[in-house]
Amino acid sequence: LVGKINGLKVYLYMDYLDELENFFSFSWTKGAHVIISNKTDSITLFDGFEIPSNYESNVIVRREFSKRMPDPYSNCISDENIKTYGSIFTKMFTDNNLKYTQKMCFYYCYQRRLTEECKCYEPSFPLMTFDKNACSTRNEFDCHLKLFSEFTENEASANCSSECKSMRIIFILK
């Protein structure tokens, strides 16, 4: 059963910590960052959506599956052709025996640029450390946030093809 009456209800207590706003140089938003996952894919900081505090929010969740034909019909990456793809980004997946997803390839591209420009890594995915320390100082966080706001999927798209079989979760906040 679905709908406002029969759907899943979650009540969140969100106590805003003033100390966080003093620690970071950016304006911290009040509310929660919500991620819904089916546990088959890795979760990154790009996932989820924001829920404001002091409001009732309704969220519609939908799963969407897609399947594409591999080369020569498209440039998608399958489990069979990932080893022949030849990108440094796909090599990370085969070297670490990870399931390839375009989303994780984007994240890897971002993490690589973060370590080059900010000399630290995003600790939510420690596999991609590039022999650097986790971002922990105020200057590193400022650099991280500046890079995050400037980073676009177009920047990573040249190295990260879509996977042939995919599932995504779509959120509609009402």
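Residues numbered from 1 in each chain as written. Predicted model: local features only at pLDDT ≥ 70, side-chain atom pairs only at ≥ 80, totals over all residues. Heavy atoms only, no water.

Engineer: Would you mind going over the nonpolar core with me for this structure?
Structural biologist: Counting eleven residues, the largest nonpolar core is built from I77, I82, M92, F93, Y100, M104, C105, F106, Y107, Y108 and C160. Sorting the residues of this core by element identifies α2 (88-95) and α3 (102-117) as the ones contributing at least two each. No other element matches α3, which puts five residues into this core. Aside from chain neighbours lying at most four places away, what touches F93 is I82, L98, K99, Y100, T101, M104 and C105. Counting eight residues, the second largest nonpolar core, distinct from the first, contains C109, L114, L147 and F151. (Core = buried A, V, L, I, M, F, W, Y, C linked by side-chain atoms within 4.5 Å. Buried < 20%, exposed > 50% of the residue type's maximum accessible area, 1.4 Å probe, protein only. Helix = DSSP H or I, 4+ residues; strand = E, 2+ residues; numbered from the N terminus. Contact = heavy atoms within 4.5 Å.)

Engineer: Looking at this structure, how should I read the pattern of salt bridges?
Structural biologist: Side-chain pairs of opposite charge can arise where the charged atoms are in close proximity. Summed over all chains, the structure comprises five salt bridges. Note that E116 and R112 form a salt bridge whose closest N and O atoms lie 3.7 Å from each other. With E116 and R112 both in helix α3 and four residues apart, the pair spans about one turn of that helix. When its relative accessible area of 46% is taken as the criterion, E116 is described as partly exposed. The class for R112 is partly exposed, based on a relative accessible area of 28%. (Salt bridge = Lys/Arg side-chain N within 4 Å of Asp/Glu carboxyl O.)

Engineer: Explain a nonpolar patch on the surface to me, please; I cannot follow it from the model alone.
Structural biologist: Taken together, the side chains of I36, V59, V61 and L173 make up a nonpolar region of the molecular surface, amounting to roughly 290 Å² of accessible area. Inspection of the secondary structure assignment puts L173 in strand β6 (residues 165-173). (Patch = residues over 30% accessible without salt bridge, like charges linked within 9 Å, V, L, I, M, F, W, Y side chains within 5 Å. Areas by Shrake-Rupley, 256 points an atom, 1.4 Å probe, with all protein chains shown as cover.)

Engineer: So what exactly am I meant to see when it comes to unusual backbone geometry here?
Structural biologist: Peptide bonds are mostly trans, and most non-glycine residues show a negative phi. Positive phi values are uncommon outside glycine, yet K119 reaches one of about 60°. In this structure, K119 sits in the loop between α3 and β4 (120-121).

Engineer: Help me understand the packing of α3 against helix α4 (residues 138-150) in this model?
Structural biologist: A pair of packed helices is characterised by two quantities: the angle between their axes and the separation of those axes. As a packed pair, α3 and α4 sit with axes 10 Å apart at the nearest point and diverge in direction by 135°. In terms of orientation, α3 lies oblique with respect to α4. In terms of crossing hand, the pair formed by α3 and α4 is right-handed. On α4, the residues that touch Y110, R113, L114 and E117 of α3 are C143, H144, L147, F148 and E150. Within the contact of α3 with α4, the residues separate by chemical class into five nonpolar, one polar and three charged. (Axes fitted to C-alpha atoms, helices over the stretch in contact; angles between N-to-C directions. Parallel < 35°, antiparallel > 145°, perpendicular 65-115°, else oblique. Left-handed = near helix turned anticlockwise from the far one by under 90°. Nonpolar A, V, L, I, M, F, W, Y, C, P; charged D, E, K, R; others polar.)

Engineer: Help me understand the state of the cysteines in this model?
Structural biologist: In protein structure, a disulfide is the covalent linkage between the sulfur atoms of two cysteines. Under the counting rule described, the total for this entry stands at four disulfides. Each sulfur in the disulfide pair C76 and C164 lies 2.0 Å from the other. What sets the handedness of the C76 and C164 disulfide is the S-S torsion sign, and at about 85° it is right-handed. With a gap of 88 residues between them, C76 in the loop between β3 (59-67) and α2 and C164 in the loop between α5 (153-157) and β6 connect regions that are remote in the sequence. Counting its disulfide-bonded cysteines in sequence order, the protein chain shows a connectivity of 1-8, 2-7, 3-6, 4-5. With no disulfide of its own, C109 lies closest to C160 among cysteine sulfurs, the gap being 5.6 Å. (Disulfide = S-S within 2.5 Å.)

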